[in-house]
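# Residue-level structure breakdown
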Amino acid sequence: MPGGNELNGLDGGPAERDDARAGISDFGTELHRRRLAAGLTLGELARRTHYSKGHLSKVESGGKRPSEQLGRQVDAAVGADGALLALVQRRDRGTGPAPDTSMDGPGPAGQGGGHPAGPGMGAGGGPPLPSPQTWVLELAPDGRGRFAEGIVRSLAGMADGLGVVSFTGTYATAAVDVEGLAAVAGSLRKLGRTLSPAAVLPMTIGLLHTVRVLAGEAHGGDQRALLVLASRVAEFTGWMAQETGDDRTAMWWTEQAVVYAAAGGDETLGEYAQVRRALVALYRGDAGGAVALVAPVRRRSGLPPRVRWLAALREAQGHALAGDHTQAMRLLDTAEAFAARVQPEQSPDLMLGPSTDAHTALVRGWCLVDLGRSAEAAELLAAWLAAMPAGQARARARFGVRLALARAIEGDLDGACRELDGLAEEVRRADSATIRADLRGFGAATRRWQHHPALHDVRTRVRPLLARAG
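Here the residue numbers are simple positions, counted from 1 along each chain's written sequence. Reporting in this predicted model follows two pLDDT cut-offs: at least 70 for local features of residues, and 80 or more for side-chain atom pairs to be given and counted; totals over whole chains, interfaces and linings ignore these cut-offs and use all residues. Side-chain metrics rest on all non-hydrogen atoms present in the structure, leaving aside hydrogens and water.

## Some words on the nonpolar core
For the record, the criterion: Residues grouped as a nonpolar core are buried Ala, Val, Leu, Ile, Met, Phe, Trp, Tyr and Cys residues, joined through side-chain atoms within 4.5 Å. For every residue, the accessible area obtained with a 1.4 Å probe (protein chains only) is divided by the maximum for its type, and the residue is called buried under 20%, exposed over 50%, and partly exposed between those limits. Strands are runs of DSSP state E lasting at least 2 residues, helices are runs of H or I lasting at least 4, and numbering of each runs from the N terminus.
Ranked by size, the top nonpolar core spans 92 residues in total, and within it Leu-181, Leu-226, Trp-309, Leu-420 and Phe-442 carry the most contacts. When residues of this core are assigned to their parent elements, the largest contribution, ten residues, is made by helix 16 (residues 393-410). Counting residues in hydrophobic clusters, the runner-up holds 17 residues, among them Leu-42, Tyr-51, Leu-70 and Val-88.

Shown next as structure tokens:
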């Protein structure tokens, strides 16, 4: 009889529970059939997937509920190309709360990552910092603004708050320094490599406000250049918002980027917005939705190679998430061909991150984890991360955590813990929703080795990183 906690996530009545048990039985039956067709014994399947022979036997008989990670591993081992994984994912779309994937399970309510220093104390126990305050800044399209210090209950009532300062004036200058503003935007992108996205967001929004007001007062070529610059800043703002975990705000800023780009004569950003939407879909687990968004973009011959390259990468990730090895590899090869045609001047942000070749290889490693090929993924990710130049903290944290996840899935717990230990500070500073998703995956992948000595310290360090996101 299955353990009680295996079915605790089912909230529905008897009919829904029966459907869930039927889904578990369907998976087990199909796994058994495909394992025999592949000529594998249970022992051989256990060695390939790092699950015990007894556990796999219970899964095949319907006595154990398969996790999505197990589904990915056995799908790859028997060459099902996503068919077994689809059975797990279809079952998991049913009713009931999502399974807990925290590092140690839920802790005490309100337990979080507060600063160890007392209220008003400096980080090192030095002189007290200024008392915490709420600041509200209102920016109007014509350049006027209002700043309020104090706790303001609503924007509508801001003028009645304490410490309100209004500022007006003209942004007009004899000659708009578009290159200077672009340099500021580049500096913010550079800061985005090392600072928390929450720290960068207010600066990007302030810069975007300045650029949009200047664009409204400029004419001719200056106006078009400023509008295109506004679109790039808005695009980056959307990326930073997504990294904070706010998908809705991220897509709002991306839509603003499309509007500014079109007004400046750049029609390609509308297609790029589809790539951004696909990335949001991927992190929501919607593989089919991601593929549907970017496949038409990747096929459009008139688009810049950079846009088609990114579209091919997102499409490959969608197929990998669905467990389709054949399609994922085909799209990654297509992305490599597009990457060879991307020029640095077409993609200035790449100068602040991994090269096209490096990024393509790292995404290939990312996909291999989703395809259940963790050993191959770990080898690829480790090689490219070792070659990554200094100053790529965010990328190193993002793909380094995925490398730790690959090692954990492969059963190399000591290696996985070493990876996370070496990344702890970079992960903390990155404060990325993308990275937190893989940290939760690490927790799920290592739950069956709860008593491994190397895991305790890692869990202790990782839990506050997850708590910061609630």
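## A short note on helix 11 (residues 287-299)
What counts is decided by this rule: Helices are assigned an expected span. That span is 1.5 Å times one less than the residue count. Here, two residues are considered to be in contact whenever any of their heavy atoms come within 4.5 Å of each other.
In a regular helix each residue adds 1.5 Å, so 13 residues correspond to 18 Å; helix 11 covers 18 Å between its end C-alpha atoms and thus fits that length. Residues Ala-287, Ala-290, Val-291, Val-294, Ala-295, Val-297 and Arg-298 constitute the buried set of helix 11. In this structure, the buried residues of helix 11 make contact with helix 10 (269-283), helix 12 (305-321) and helix 13 (325-339).

## Observations concerning the confidence of the model for the chain
Here is the rule: Confidence scores labelled pLDDT are given residue by residue by the predictor and lie between 0 and 100.
When pLDDT is averaged across the chain, the result is 79; 77% of the residues are at 70 or more. Within the chain, the element-level pLDDT minimum falls on strand 3 (residues 164-167), averaging 66, and the maximum on helix 13, averaging 96. Here residues 94-124 scores under 50 on pLDDT; set against residues more than four positions off or in separate chains, the count is 39 contacts. Note that residues 151-156 has pLDDT below 50 and, in this model, five contacts with residues that lie over four places away or in other chains.

## Some remarks on the packing of aromatic side chains
Put simply, the rule is: Only centres within 6.5 Å qualify two rings of Phe, Tyr or Trp (six-membered ring in Trp) as a pair; their planes then separate them into stacked at under 30 degrees, edge-to-face at over 60, and tilted for everything else. Two thresholds decide whether a charge sits over a ring: the Lys NZ or Arg CZ must be within 6 Å of the ring centre and within 35 degrees of the ring normal.
Under the counting rule described, the total for this entry stands at three aromatic pairs. Seen from their ring centres, Phe-236 and Trp-239 are 5.5 Å apart, and the 65 degrees between their planes marks the pair as edge-to-face. Within this pair, Phe-236 and its partner Trp-239 are both found in helix 8 (residues 220-243), separated by three residues, close to a single helical turn. Phe-236 gets classed as buried once you look at its relative accessible area, which sits at 3%. Given a relative accessible area of 31%, Trp-239 falls into the partly exposed group. Arranged with centres 5.9 Å apart and planes meeting at 80 degrees, the rings of Trp-366 and Phe-399 form a pair that is edge-to-face. A residue pair is termed long-range when its members are at least 10 positions apart, and Trp-366 in helix 14 (residues 356-370) and Phe-399 in helix 16 qualify at 33 residues. A relative accessible area of 6% places Trp-366 in the buried class. Owing to a relative accessible area of 2%, Phe-399 belongs among the buried residues under this scheme. Residue placement shows Arg-398 over the ring face of Trp-366; its charged tip is 5.4 Å from the ring centre. A cation over an aromatic ring shows up here: Arg-448 above the ring of Tyr-51, its NZ or CZ 3.6 Å from the ring centre.

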